[in-house]
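Fold and contact review
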Amino acid sequence: MTMPVRAALYLRVSTGRQAENDLSIPDQRRQAKGYCASRGWEIVAEYVEPGLSATDDRRPEFQRMIDAATTKPPAFDVILVHSFSRFFRDQFQLEFYVRRLAKAGVRLVSITQELGDDPMSNMIRQIMALFDEYQSKENGKHTLRAMKENARQGFWNGALPPIGYRIVEASEQRGHRTKKTLEIDPVQAETVRLIFRLAREGNGSSGPMGVKSIATHLNASGIRTRDGGRWGVDAVHKVLTRTSYIGRHRFNTKFWKTRERKAETEIVEMAVPAIVDAEEFEAVQMLLKSRSPAMIAPRIVSGPTLLTGICFCAACGGAMTLRTGKSGRYRYYTCCTKARQGETGCPGRTVPMEKLDNLVAEYIEQRLLQPKRLERLLSHVLDRRTERAERRKSHIAELRKRATEADAKLKRLYDAIENGVADLSDPLLKDRIGELMATRDQARLDAERAEEAIDRAGPTITPQTLKTFARTARKRMRTDGGGYRRDHLRAFAQRVEVDQKELRIIGSKSVLLRTLVAAESAKTAGFGVPSSVPKWRARRDSNSRPSESKSDAHWLHGNA
């Protein structure tokens, strides 16, 4: 007696939406069963692939079926598909697997594209596969174009949103589909703000923290990722570098197969609610660059020399590097171009290390670290800080008002239920009560978090605060041996330019303010590696420093 042909059914749809709505798989199964019944074939296995593309072989059920077909003896004689495009939409891969199956004695059969085993049938199958591959690429091109336009209009295309956001339905509806957009998740958004704050200011007892230190701090504090996992360096770095958090989400940045970056012309920016200020974001980017080994060598960040990495020749822009003389007895800062090429390359200065270190430190101590000077430099920054605090207080008042109104509405509903005016079994009433409770609780939670953010912003800066800070900072810059603390000095000076007749000291107002707030909050100056954005360099004519000796006067013209 002849054994019936053993068939395995392979059923596949391209998208998860098709799988959920049963648009294709039940119909494929029905046709396959009818095809086998008409030929007396026995169905011994069924492999269902819901929502996966056929452009590659990264499909769990597909691989399980191939394994079963290529074992000895094979588990079935025929793989039955609705069309060859259900099996593969890549001509080369289709032929590769057809030949692999043939070596194992298994045939690939299509219900709607019946072909034989002769050379003509093989050629027709290959032509069909080429058309399927072309159609797949064209569909992908049109779909991507529609998704890019959707993003330009501010709508979310799907996938998991960045941490700090959640997907909500928009008011706009296209056909039977409701558009989606992003809104701020108040709980996760606080984690995002904390990460940026740690990067800029530290935890109150340290200076700005690096990516690894932030991950360690979050894990030690019991703060978990969105899915409950522990923070890693890569996850923290992604948060700190995502432009989504300043309201500009970038869509279509990589090829989904190779993960290679696309050209900027292919990327679309989608408007989303901002979680952090653009100014804070840019400051963090500069901090990240200042810590990157690709930008600044680790020896510069952690080396013992006071001005290494921040001292430059004003004539050519080259770094001032350390040189020694008399078997190391004397040490000098010298323009690197001049050291390599002589005065024909650059006429830059060569300055004794101790002299330049002292001039920079003394200038900061005697001119910058003066209460009136600090007040003048930081006045604009402090004004903005006050404005932000006022806006937050206004926002808190609105949240409290929203919570109070929701509570009052709930009370009226409860009174109506007690008086028999409303029926608690009414599903609409239950939904309304749940909605009001959610609004009230969320408003209270948001208000509490906003108040915590104001508290974390640090104390109010007063003239007495500036006076105390200046006195403490001058003291802390000095070591017991009479030298200078490198990290303390770099909280005030991020670039030193040496010219023939003057010395320019350049620093960042934001770093200066962070140092001031950290010192006042923790009663200790929280110094760290700052960025090198020149922001508090004042006008040259208002800051000339009278030299104490003629030898200093001919080259020092300090600008802080």
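Residues numbered from 1 in each chain as written. Predicted model: local features only at pLDDT ≥ 70, side-chain atom pairs only at ≥ 80, totals over all residues. Heavy atoms only, no water.

**Side note on the overall build of the protein**
Definition in use: The numbering of helices and of strands both runs from the N terminus, where a helix is a DSSP run of H or I of at least 4 residues and a strand a run of E of at least 2. Accessible areas in this description were obtained via Shrake-Rupley with a 1.4 Å probe; residue shielding takes into account the shown protein chains only.
Helices and strands together make up the secondary structure of the protein, namely 19 helices and 14 strands. Of the accessible surface of the protein, which amounts to about 30400 Å², a share of 51% is contributed by carbon and sulfur atoms.

**What about the pairing of strand β13 (residues 495-498)?**
Regular strands place side chains that alternate from one sheet face to the opposite one. Our working definition: Between any two strands, at least two bridges found by DSSP are needed for them to pair.
Pairing between strand β9 (residues 311-313) and β13: three bridges, direction parallel. Following the sheet pairing, C311 is matched in β13 by V496. As paired strands, β13 and strand β14 (residues 503-506) are joined by four bridges and run antiparallel to one another. Directly across from E497, in β14, lies its bridge partner R504. The loop that links β13 with its antiparallel partner β14 comprises four residues.

**Re the confidence of the model for the protein**
So the rule is basically this: Within a predicted model, pLDDT stands for the predictor's per-residue confidence, ranging from 0 to 100. Here, residues are in contact when the closest pair of their heavy atoms is within 4.5 Å.
On average, the protein scores 77 in pLDDT, and the residues at 70 or more come to 78%. Throughout residues 522-535 the model reports pLDDT below 50, and contacts reaching past four residues in sequence, or to other chains, amount to 51 contacts.

**Structural notes on unusual backbone geometry**
Residue P73 is bonded to the preceding K72 through a cis peptide linkage, with omega at -5°. Mapped onto the elements of the fold, P73 is located in the loop between α3 (60-70) and β3 (78-81).

**Topic: the sheet that holds strand β1 (residues 6-12)**
Put simply, the rule is: Inter-axis angles, ranging from 0 to 180 degrees, are taken between N-to-C directions of lines fitted to C-alpha atoms, where helices are fitted over the stretch in contact.
The parallel open sheet is built from four strands, whose spatial order is β2-β1-β3-β4. The open sheet has two edge strands, β2 (42-49) and β4 (107-110), and neither has a second partner. Within this sheet the neighbouring strands show an average axis-to-axis angle of 25°, counted without direction. Sheet topology note: the β1/β2 ladder contains seven bridges and is parallel. The residue bridging Y10 from the neighbouring strand is Y47, located in β2. Seen against the sheet, helix α2 (residues 25-39) touches β1, β2, β3 and β4 and runs at an angle of roughly 160° to β1. Sheet contacts for α3: β1, β2 and β3; angle to β2, the most-contacted strand, approximately 150°.

**Things to note about the sheet that holds strand β10 (residues 320-325)**
Spatial strand order, β10-β11-β12: three strands in an open sheet with antiparallel pairing. The strands lining the two open edges of the sheet, one partner per strand, are β10 and β12 (350-352). For this sheet, the mean inter-axis angle between neighbouring strands, taken without regard to orientation, is 35°. Sitting on the sheet, helix α13 (residues 353-368) touches β10, β11 (330-335) and β12, and the angle it makes with β12 is about 80°.

**So, the packing of aromatic side chains**
Rules: Pairing of aromatic side chains here covers Phe, Tyr and the six-membered ring of Trp, requires ring centres within 6.5 Å, and sorts the geometry by plane angle: under 30 degrees stacked, over 60 edge-to-face, intermediate tilted. The buried label goes to any residue with under 20% of its type's maximum accessible area, the exposed label to any with over 50%, and the partly exposed label to all in between, with areas taken from a 1.4 Å probe on protein chains only. Put simply, a charge is over a ring when the Lys NZ or the Arg CZ is close to the ring centre, within 6 Å, and near the line of the ring normal, within 35 degrees.
Following the criterion strictly, the structure yields 13 aromatic pairs and no others. Pairing Y35 with W41 gives two aromatic rings, centres 5.7 Å apart and planes at 70°, and the pair type is edge-to-face. W41 matches Y35 in its accessibility class, with the two residues each being buried. Judged by centre distance (5.1 Å) and plane angle (85°), the ring pair of F62 and Y97 falls under edge-to-face. On the criterion of sequence distance, the pair formed by F62 in helix α3 and Y97 in helix α5 (residues 91-103) is long-range, its members being 35 residues apart. The exposure classification of F62 matches that of Y97, with both residues buried. The structure contains a cluster of three or more aromatic residues connected by ring pairs, namely Y10, F62, F87, F88, F96 and Y97. Lying over the aromatic face of F62, R59 brings its terminal NZ or CZ to 4.4 Å of the ring centre.

**Focus: the nonpolar core**
Selection rule: Residues grouped as a nonpolar core are buried Ala, Val, Leu, Ile, Met, Phe, Trp, Tyr and Cys residues, joined through side-chain atoms within 4.5 Å.
Within the largest apolar cluster, 34 residues are counted, with the highest numbers of intra-cluster contacts made by L307, L356, V360, I364, L489 and F492. Among the secondary structure elements, those contributing two or more residues to this core are β9, β11, α13, α14 (371-418), α16 (463-477), β13 and β14. For this core, the element with the most residues is α13, which contributes eight residues. Within the second largest apolar cluster, 32 residues are counted, among which are L194, M209, V272 and I275.

**Here we look at the pattern of salt bridges**
Oppositely charged side chains can form a pair if their charged atoms are brought close together. As a reminder of what qualifies: For this document, the term salt bridge refers to a Lys or Arg side-chain nitrogen within 4 Å of an Asp or Glu carboxyl oxygen.
Going through the model one piece at a time under the given rule, you end up with 19 salt bridges. A salt bridge links E46 to R29; the nearest nitrogen and oxygen atoms lie 2.9 Å apart. Of this pair, E46 sits in strand β2 while R29 sits in helix α2, and the two are 17 residues apart along the sequence. In this structure, R504 and E502 form a salt bridge, with 2.1 Å as the shortest nitrogen-oxygen distance. Classification of E502 as buried rests on a relative accessible area of 8%. Connected via shared salt-bridge partners are R495, E497, D499, E502 and R504.

**What about the environment of L369?**
Relative to the elements of secondary structure, L369 occurs in the loop between α13 and α14. Taking C-alpha positions, L369 is 8.8 Å from K467, a pair spaced 98 residues apart along the chain. Ignoring anything within four residues of it in the chain, the contact list for L369 reads I364, F469, A470, A473, R474, M477 and F492.

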